[in-house]
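# Results of the structural survey
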Amino acid sequence: AREAEAALYFSGNRLLPGSEPAAHCYCGHQFGSFAGQLGDGAAMYLGEVLGPGGERWELQLKGAGLTPFSRQADGRKVLRSSIREFLCSEAMFHLGIPTTRAGTCVTSDSKVVRDIFYDGNPKNERCTVVLRIASTFLRFGSFEIFKPTDEHTGRKGPSVDRNDIRIQMLDYVIGTFYPDIQETYSDNSIQRNAAFFKEITKRTARLVAEWQCVGFCHGVLNTDNMSIVGLTIDYGPFGFMDRYDPEHICNGSDNTGRYAYNKQPEICKWNLGKLAEALVPELPLEISELILEEEYDAEFEKHYLQKMRKKLGLIQLELEEDNKLVSELLETMHLTGGDFTNIFYLLSSFSVDFDPPRLEDFLEKLASQCASLEELKVAFKPQMDPRQLSMMLMLAQSNPQLFALIGTKASINKELERIEQFSKLQQLTAADILSRNQRHWKEWLEKYRVRLQKEVENVGDADAWNTDRVKVMNSNNPKYILRNYIAQNAIEAAENGDFSEVRNVLKLLENPFQGTESAREVEEEAEEEGATAEAAACAQVAARSVSYCSKPPLWAAELCVT
């Protein structure tokens, strides 16, 4: 009965006492262009709850229907995207990454039509509502409502020349979410605003460093998807990277790769530049631009390296050469198609004292986490029709202006690279790949061993140091992340009315760091719960099921999230 009552409130069918629903108006730069007024097209603000410690939580329903900002859409969300948002918000929280939270997920028998891949094949999907929770859902784009006409798109914000509202918003944001800054600079608003901008710059830099260290790709880093308090916000076509590829694009509709994994740090810096423009005249640009230049890169690099040292168990010394060791690790991962999460997770079981047989054993384990010949052929399979490609190449030569309009040089180069890689793969055997991968890993492990040896020389008790090292590594290298195929299995079961898999996955994601027995307990418990679910649904899931921490099965390469 209590669950049924909660479902009434958190599906938007009954109002919580004291609630005053509202939708938030904001603007944004989408894929680099100013889009003008956007706003909460599917999210509804319910009000705020004060926690026992005085902390403030804003409640928001996503997918509860039309708002004044729904534009041509219906304000609804579907089961598929809602489960993804629900699970990922919680996964990020338990990984220790600043994020909005998900409280409930309520689905219904009402259906809406969605063309998932924008390919003319629409289908009916169940309407679903997620309760989102955060201290605030204000974004960089919230401050872009004052933007005068954009010279490129001709669009402008709805509140041009309303500097009074900008002052009110700054007072609210700083007073509420940055009270220390408000107190320190209460008599000088420019200094106060500069301190706020410096803080959000540093928080954003640290946030992206955290993303990069777990292989998280956001997918749509528009200015309206950037939190004013430095949280991960708006889970859409996100993805955790499986095979390490610095140019990994998780969003199937990001044709130019603007939001690729390796672009995230610079894109977030660009977005901060747009926030800086939106704060003028309350914070002059010459002040904010200087802050951005002086603080962002330095904070990102510092936090990234600190985190990577923990992931590699470098707990004793901070050496200049560590940066190189990290980039060589990633280069080795890239060359061997290594699974980002699983390789980091394995490294805690490496020891400086390995004799040759144990080293061979360890190399075999690493090699098992690298891409097989079959997986590489799927990854590098050419994507364009050869005739289309040769036409584009001819066009690039004969009419560069027209080519620039219809094709990007980067995507053509990427296709040529794919063709080259694919033809090389045709010449190789699985044994060639294996020995090549083991050779690469052997080279890097030798460098890693030398670096760990320096740690050992610096401590009195090598055993105690090793225990600490493993502990630090196991609490910074997750065993479980929300891989796309895991989410997909849970979604397919839920779409058939069986929600047990969503619960199992949630349970695992609540304990992502598992260097211990508790991992097996959680997984066994999850499997037991799964075993009691309906047999038919189970048989279907079982056909596609893999252990929750395996690198993805081949069918996962076909998954596309837009």
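Residues numbered from 1 in each chain as written. Predicted model: local features only at pLDDT ≥ 70, side-chain atom pairs only at ≥ 80, totals over all residues. Heavy atoms only, no water.

## Structural notes on the overall build of the protein chain
Each helix and strand counted, the protein chain has 20 helices and nine strands in total. Its C-alpha atoms give the protein chain a radius of gyration of 25 Å, near enough to 24 Å, the size a compact globule of 562 residues would have. Projected onto the principal axes, the alpha-carbon positions of the protein chain cover approximately 70 × 65 × 60 Å. Taking all 562 residues of the protein chain together, 49% fall into the buried category. Counted over contacts in the protein chain with a minimum sequence separation of 6, partners at least 24 positions apart contribute 70%. (Helix = DSSP H or I, 4+ residues; strand = E, 2+ residues; numbered from the N terminus. Rg over C-alpha atoms; globule rule 2.2 N^0.38 Å. Buried < 20%, exposed > 50% of the residue type's maximum accessible area, 1.4 Å probe, protein only. Contact = heavy atoms within 4.5 Å.)

## Thoughts on the pairing of strand 1 (residues 27–30)
Of the pairings in the sheet, the one linking strand 1 to strand 2 (residues 33–37) comprises three bridges and is antiparallel in character. Pairing of Cys27 across the sheet is with Gln37, part of strand 2. (Pairing = 2+ DSSP bridges.)

## A few points about the domain arrangement of the protein chain
A common way to report how large an interface is uses the accessible area buried once the components associate. Entries for the protein chain in the domain assignment read domain 1 (1–140), domain 2 (165–307) and domain 3 (333–458). One C-alpha centre belongs to domain 1, the other to domain 3, and the line joining them spans 38 Å. (Domains from an automatic or database assignment.)

## As for helix 14 (residues 409–426)
Taking 1.5 Å per residue as the helical rise, helix 14 with its 18 residues ought to reach 26 Å, and the 26 Å between its terminal C-alpha atoms agrees with that figure. Listing the buried residues of helix 14 in full gives Ile412, Glu415, Arg418 and Leu425. Down the axis of helix 14, the buried side of the element spans an arc of 145°, and every buried residue falls inside it. Turned more than 90 degrees off the buried face of helix 14, the exposed positions are Lys409 and Ala410. Contacts made by the buried residues of helix 14 are with helix 11 (373–379), helix 12 (386–398), helix 13 (400–406) and helix 15 (430–457). (Expected span 1.5 Å × (residues − 1). Arc of directions from axis to C-beta.)

## Quick notes on the pairing of strand 3 (residues 43–50)
For strand 3 and strand 4 (residues 56–62), the ladder comprises seven bridges, and the chain directions are antiparallel. Bridge pairing links Tyr45 to Gln60 in strand 4. Connecting the antiparallel pair strand 3 and strand 4 is a turn made up of five residues, with Gly54 showing a positive phi of about 85°.

## Concerning the nonpolar core
In this structure, Phe143, Phe197, Leu312, Leu347 and Tyr448 are the most contacted members of the largest nonpolar core, which totals 116 residues. At twelve residues, the largest contribution of residues to this core is made by helix 5 (residues 189–214). Contacts of Phe143, omitting those with residues within four sequence positions, involve Arg166, Met169, Leu170, Val173, Ile228, Leu275, Ala278 and Leu279. Grouped together as the second largest cluster of nonpolar side chains are ten residues, Tyr9, Phe10, Met44 and Leu59 included. (Core = buried A, V, L, I, M, F, W, Y, C linked by side-chain atoms within 4.5 Å.)

## Describing the packing of helix 5 against helix 7 (residues 285–311)
A pair of packed helices is captured by two measures, namely the crossing angle of their axes and the spacing between those axes. Packing of helix 5 against helix 7 brings their axes to within 8 Å, and their N-to-C directions diverge by 30°. Judged by the twist between their axes, the crossing of helix 5 over helix 7 is right-handed. Partitioned by chemical class, the residues of the contact of helix 5 with helix 7 number 14 nonpolar, five polar and eight charged. (Axes fitted to C-alpha atoms, helices over the stretch in contact; angles between N-to-C directions. Left-handed = near helix turned anticlockwise from the far one by under 90°. Nonpolar A, V, L, I, M, F, W, Y, C, P; charged D, E, K, R; others polar.)

## Regarding the state of the cysteines
Scanning the model with the defined rule gives zero disulfides in all. No disulfide involves Cys25; its sulfur sits 5.9 Å from that of Cys27, the nearest cysteine. Its sulfur unpaired, Cys560 is 10 Å from the next cysteine sulfur, which belongs to Cys250. Given a relative accessible area of 36%, Cys560 falls into the partly exposed group. (Disulfide = S-S within 2.5 Å.)

## Some details on the pattern of salt bridges
Charged atoms that come close allow side chains of opposite charge to pair. For the coordinates displayed, the defined rule picks out 37 salt bridges. A salt bridge links Glu360 to Lys442; its shortest N-O distance comes to 3.9 Å. Here the residue Glu360 occupies a position in helix 10 (residues 356–368), and Lys442 occupies one in helix 15, the gap between them amounting to 82 residues. For Glu360, a relative accessible area of 35% gives the class partly exposed. Look at the salt bridges and you will find they share partners, linking Lys62, Glu85, Arg132, Arg139 and Asp234 into a network. (Salt bridge = Lys/Arg side-chain N within 4 Å of Asp/Glu carboxyl O.)

## Re the side chain of Arg418
Relative to the helices and strands, Arg418 resides in helix 14. In this structure, Arg418 is in contact with Ala379, Phe380, Lys381, Pro382 and Gln383, ignoring residues within four places of it in sequence.

## Considerations on the side chain of Arg132
Along the chain, Arg132 turns up in strand 7 (residues 123–134). A residue is classified by how much of its surface remains accessible, and Arg132, at 2% relative accessible area, is buried. Those residues in contact with Arg132, other than ones at most four positions away along the chain, are Ala43, Glu58, Leu59, Gln60, Lys62, Glu85, Arg101, Phe137, Arg139 and Asp234.

## Topic: the packing of aromatic side chains
Enumeration over the complete set of coordinates arrives at 19 aromatic pairs. Plain terms: the ring middles of Tyr244 and Tyr261 are 6.2 Å apart, the flat faces sit at 85° to each other, and that makes the pair edge-to-face. In this pair, Tyr244 is assigned in the loop between strand 9 (239–240) and helix 6 (264–279) and Tyr261 in the loop between strand 9 and helix 6, connecting sequence segments 17 residues apart. Residue class for Tyr261 comes out buried when judged on its relative accessible area of 4%. Grouping aromatic residues by their ring pairs yields a cluster made of Phe350, Phe354, Phe362, Trp441, Trp444 and Tyr448. The residue whose ring lies beneath Arg84 is Phe238, and the NZ or CZ to ring-centre distance is 4.0 Å. Cation over ring: Lys311 sits above Phe344, and NZ or CZ is 4.5 Å from the ring centre. (Phe/Tyr/Trp six-rings, centres within 6.5 Å; stacked < 30°, edge-to-face > 60°. Lys NZ or Arg CZ within 6 Å of the ring centre and 35° of its normal.)

## Section: the environment of Leu292
Here Leu292 is to be found in helix 7. Judged by relative accessible area, Leu292 falls into the buried class, the value being 8%. Each C-alpha atom of the pair Leu292 and Glu183 lies 23 Å from the other, and the pair is 109 residues apart in sequence. The contacts of Leu292, once residues within four sequence positions are left out, are Phe197, Thr201, Lys269, Leu272 and Gly273.

## A few points about a nonpolar patch on the surface
Together, Leu393, Leu416 and Ile419 make up a nonpolar patch on the protein surface, roughly 200 Å² of accessible area in all. When you line up the elements, Leu416 lands in helix 14. Judged by its relative accessible area of 35%, Leu416 falls in the partly exposed class. (Patch = residues over 30% accessible without salt bridge, like charges linked within 9 Å, V, L, I, M, F, W, Y side chains within 5 Å. Areas by Shrake-Rupley, 256 points an atom, 1.4 Å probe, with all protein chains shown as cover.)

## Observations concerning the packing of helix 6 against helix 7
Remark: helix 6 packs on helix 7, axes separated minimally by 10 Å, with the N-to-C direction vectors making an angle of 160°. In this view, helix 6 runs roughly antiparallel relative to helix 7, as classed from their interaxial angle. The handedness of the crossing between helix 6 and helix 7 is right-handed. Packed against helix 6, whose contacting residues are Pro265, Cys268, Lys269, Leu272, Gly273, Ala276 and Glu277, the element helix 7 presents Leu285, Ser288, Leu292, Glu293, Tyr296, Asp297 and Phe300 at the interface. A breakdown of the residues in the contact of helix 6 with helix 7 according to their chemical character gives eight nonpolar, two polar and four charged. (Parallel < 35°, antiparallel > 145°, perpendicular 65-115°, else oblique.)

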